[in-house]
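So you can see what is in the structure, the chains are spelled out below.
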Amino acid sequence: MELRFEQENVRAPAASLPALEPEWALRLRADQRLLTEIAEAVGGPFHVLCPDRFVDNLTAFQTTLAESGVPGQVYFGKKANKSGCWLRACAEADAGVDVASVPELAHALRNGVRGEDIVVTGAAKTEELLWLAARQRCLIAVDAVDELERVIEKAHRTGTIRILLRVLPEHNPDSRFGLAETDLRHCLRRCAEQRQRVRMEGFSFHLNGYAVSPRAALADRLIDECLAARELGLVADSISIGGGFAVNYLDPADWRYFERAHRSSWFHANRVFSHFYPYAQAPVGADMLDEILASPTAAAGERLRTRFLETGTRLLLEPGRALLDGCGFSVFPVQGSKRREDYGIVTVSGLSMSVSEQWKASEYLPDPILWPEGEGQPINACIGGSSCLDYDMLTWRKVPFTRLPKFGDLLIYPNTAGYQMDKNETEFHQLPLPDRIIVSERQGRWHWRIDKLPHIR
Ligand SMILES: *Cc1c(COP(=O)(O)O)cnc(C)c1O
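Keep in mind that this is a model prediction, so the values were computed, not measured. (Residues numbered from 1 in each chain as written. Predicted model: local features only at pLDDT ≥ 70, side-chain atom pairs only at ≥ 80, totals over all residues. Heavy atoms only, no water.)

## Observations regarding the environment of F329
So, point 1. Its location among the elements puts F329 in strand β10 (residues 328–340).
So, point 2. Given a relative accessible area of 1%, F329 falls into the buried group. (Helix = DSSP H or I, 4+ residues; strand = E, 2+ residues; numbered from the N terminus. Buried < 20%, exposed > 50% of the residue type's maximum accessible area, 1.4 Å probe, protein only.)

The structure is reproduced here in structure tokens:
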């Protein structure tokens, strides 16, 4: 890879960045009729969701935790995707869900997730959210001193409320979330005074980035905090290490080549980006949990897993993106295409709001896939959405295609279930939101149905 770059250092060839894809997606696309049938039925862009893959990811986390011997719970970080199918899968696997609003909480309950398996995170929570969470015996991650006082007040009417105290991590000192040191001390005192009202079950954090060691180090330190809190008469038997479990979208060699070689000429309008998501990482998913548990602690020679076990501390985690890895892709019908100098501009039915990374001053890099494939004249092309905005681009990069995509083709954006497909969607231009299609394979046959999001307000 790097050799290729050295040889062509004047004009490095535009990288092709094929996504790492799960088997089910390849099998589904190999079916000659299925995608055409769905595309004809919905008549616009749509997302394809595969709950069976979600179950595999969830099982991997649950198995890693079980094999470590550490008691705990996996909570799905719900904000990463709006569909209810993941919630049903969580309920069936006795996993929990991490929510941050009344509609998210109601959506989880509606799909059979029990209140006691729900953790409520997020900044200053509404009265309604605190009330519903308390009534359903959810675990509330308290984020501020005033919030703790509101919880205590509410408990006069609801009975004891289960809480965690969310800490401001030293590793992310600029985060607006979490309790700083003095506030944390104050909250611990209040929890001890108000033991009838709040059941303080431990501490939580959620770190930016995907590194193992700051998570392990903070969990280690919070075990000390749990031991100290127990001295105050608090339950303090759990630590939530939040989400941020890494995902691999691209082959590491492809990603390294792109990182080194990319230049503005690879993008439409010579667009320059200051940052990209880390599209290839290690360790990822449940392996990252395993590495966290195997990390050394401050006490020489002791692993984090052992400390959890010896102190009788439960490990809670809230993966979002990692549970959705390989769980879905997004399909955009091609509306038309044209040539501009040496590259093509393709316009699809759909908007760049269905590819959230485009709205973080960055770019979703895995190559969109032309379907059906077909032979022709190879060409690089960027992909625009069907709005009147010049900056409504699903892909600024001039992606290498085997032929120019044309009206009637489909463009498939791989691995979009985690945050890409529905985080930023709007009905701009009064266009309907893309349909959501749940697929499952039974005895070698694909079944599909439309997933309707409930209007829970
Ligand atoms: C967003 C969020 C998560 C999920 O994060 P991922 O990066 O998707 O794993 C978990 N916990 C909290 C508190 C969050 O805000």
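Next, the rest of the story.
## Considerations on the pairing of strand β2 (residues 72–77)
Side-chain positions along a regular strand alternate between the two faces of the sheet.
So, point 1. Burial runs high along β2: 5 of the 6 residues are buried.
So, point 2. Judged from the 3 bridges that link them, β2 and strand β9 (residues 314–317) form a sheet pairing that is parallel. Note on β9: the bridge partner recorded for V74 is L317.
So, point 3. Bridge analysis of β2 against strand β3 (residues 96–99) gives 3 bridges, and the strand direction is parallel. The partner of G77 across the bridge, within β3, is D98. (Pairing = 2+ DSSP bridges.)

## A few points about helix α3 (residues 34–42)
Because each turn of an α-helix spans 3.6 residues, side chains separated by three or four positions end up pointing in the same direction.
So, point 1. The complete set of buried residues in α3 reads L34, L35, I38, A39 and V42. Buried residues of α3, seen end-on, are gathered within an arc of 125° and therefore sit on one face of the element. Residues of α3 that are exposed and point over 90 degrees away from its buried face: E40 and A41.
So, point 2. G43 occupies a position one or two residues after α3 and carries a positive phi of about 65°. (Arc of directions from axis to C-beta.)

## Section: the site of the ligand
So, point 1. For the ligand, the full set of nearby residues is K79, D98, T121, R166, H206, G243, G244, E318, P319, G320, R321 and Y419.
So, point 2. Here an oxygen atom of the ligand and a side-chain polar atom of K79 are 2.9 Å apart.
So, point 3. The separation between an oxygen atom of the ligand and a polar main-chain atom of G244 is 2.8 Å.
So, point 4. Across the complex, the protein chains shield 88% of the 390 Å² of accessible surface that the ligand would expose by itself.
So, point 5. Using a 2 Å cut-off from the grid points, one finds that the ligand occupies the largest pocket.
So, point 6. Here the residues of the shell around the ligand are counted per class, giving 2 nonpolar, 5 polar and 5 charged. (Near = heavy atom within 4 Å. Polar contact = N/O pair within 3.5 Å; in protein donor to acceptor, adjacent residues only side chain to side chain. Areas by Shrake-Rupley, 256 points an atom, 1.4 Å probe, with all protein chains shown as cover. 1 Å grid on protein atoms, 1.4 Å probe; cavity = no way out; pocket = protein on both sides within 12 Å on 5 of 7 lines; lining within 4 Å. Sits in = over half its atoms within 2 Å of the grid points. Nonpolar A, V, L, I, M, F, W, Y, C, P; charged D, E, K, R; others polar.)

## Here's the deal with the confidence of the model for the chain
So, point 1. Taken over all residues, the pLDDT of the chain has a mean of 95, while the share at 70 or more is 97%.
So, point 2. Long-range and interchain partners of residues 1–10, a stretch whose pLDDT sits below 50, account for 15 contacts in this model, where long-range means more than four residues apart. (pLDDT = per-residue confidence, 0-100. Contact = heavy atoms within 4.5 Å.)

## Points about a negative patch on the surface
So, point 1. The grouping of E67, D287, D290 and E291 at the surface amounts to a negative patch.
So, point 2. By residue number, the principal contributor to the negative patch is helix α12 (residues 285–293), which donates 3 residues.
So, point 3. Following the sequence through the fold, E291 ends up in helix α12. (Patch = residues over 30% accessible without salt bridge, like charges linked within 9 Å, V, L, I, M, F, W, Y side chains within 5 Å. Salt bridge = Lys/Arg side-chain N within 4 Å of Asp/Glu carboxyl O. Lys, Arg positive; Asp, Glu negative; His and termini not counted. Charge placed at Lys NZ, Arg CZ, Asp CG, Glu CD.)

## Overview of helix α6 (residues 102–110)
So, point 1. Taken residue by residue, α6 has V102, E104, L105, A106, H107 and A108 as its buried positions.
So, point 2. Elements in contact with the buried residues of α6: α5 (85–92), β3, β4 (118–120) and α7 (127–135).
So, point 3. The backbone nitrogen of E104 lies 3.2 Å from a side-chain oxygen of the residue at the head of α6, namely S101.
So, point 4. Positive backbone phi, approximately 95°, marks G112, located one or two places after α6.

## Quick look at the sheet that holds β4
So, point 1. Pairing in this closed barrel of 8 strands is parallel, and the strands run β2-β3-β4-β5-β6-β7-β8-β9 around the ring. Across the sheet, the axes of successive neighbouring strands diverge by a mean angle of 30°, strand direction being ignored.
So, point 2. As paired strands, β3 and β4 are joined by 3 bridges and run parallel to one another. The residue bridging V97 from the neighbouring strand is I118, located in β4. (Axes fitted to C-alpha atoms, helices over the stretch in contact; angles between N-to-C directions.)

## Some remarks on the side chain of T158
So, point 1. For T158, the location among the structural elements is in helix α8 (residues 145–158).
So, point 2. If we ignore the near neighbours within four places in the chain, the residues touching T158 are W131 and A134.

## Considerations on the side chain of Q73
So, point 1. Along the polypeptide, Q73 turns up in strand β2.
So, point 2. For Q73, a relative accessible area of 11% puts it in the buried group.
So, point 3. Within polar-contact distance, the side chain of Q73 engages the backbone oxygen of D94 at 3.3 Å.
So, point 4. Reaching out from Q73, the side chain makes a polar contact with the side chain of D117 at a distance of 3.4 Å.
So, point 5. Those residues in contact with Q73 that sit more than four places away from it in its chain are L65, D94, A95, G96, D117, R314, L315, L316 and L317.

## Overview of the domain arrangement of the chain
So, point 1. With domains assigned, the chain is organised as domain 1 (23–50 + 326–451) and domain 2 (51–246 + 282–317).
So, point 2. Where domain 1 abuts domain 2, roughly 1200 Å² becomes buried across the two surfaces, and 51% of that area is made up of carbon and sulfur atoms.
So, point 3. Connecting domain 1 to domain 2 are 1 salt bridge.
So, point 4. Residue D52 pairs with R442 through a salt bridge whose shortest N-O separation is 3.2 Å.
So, point 5. The element contributing the most residues to the side of domain 1 that touches domain 2 is strand β16 (residues 435–442), with 6 residues.
So, point 6. Looking at side-chain class alone, the side of domain 1 that touches domain 2 contains 9 nonpolar, 3 polar and 5 charged residues. (Domains from an automatic or database assignment. Buried area = accessible area lost by both parts, 1.4 Å probe.)

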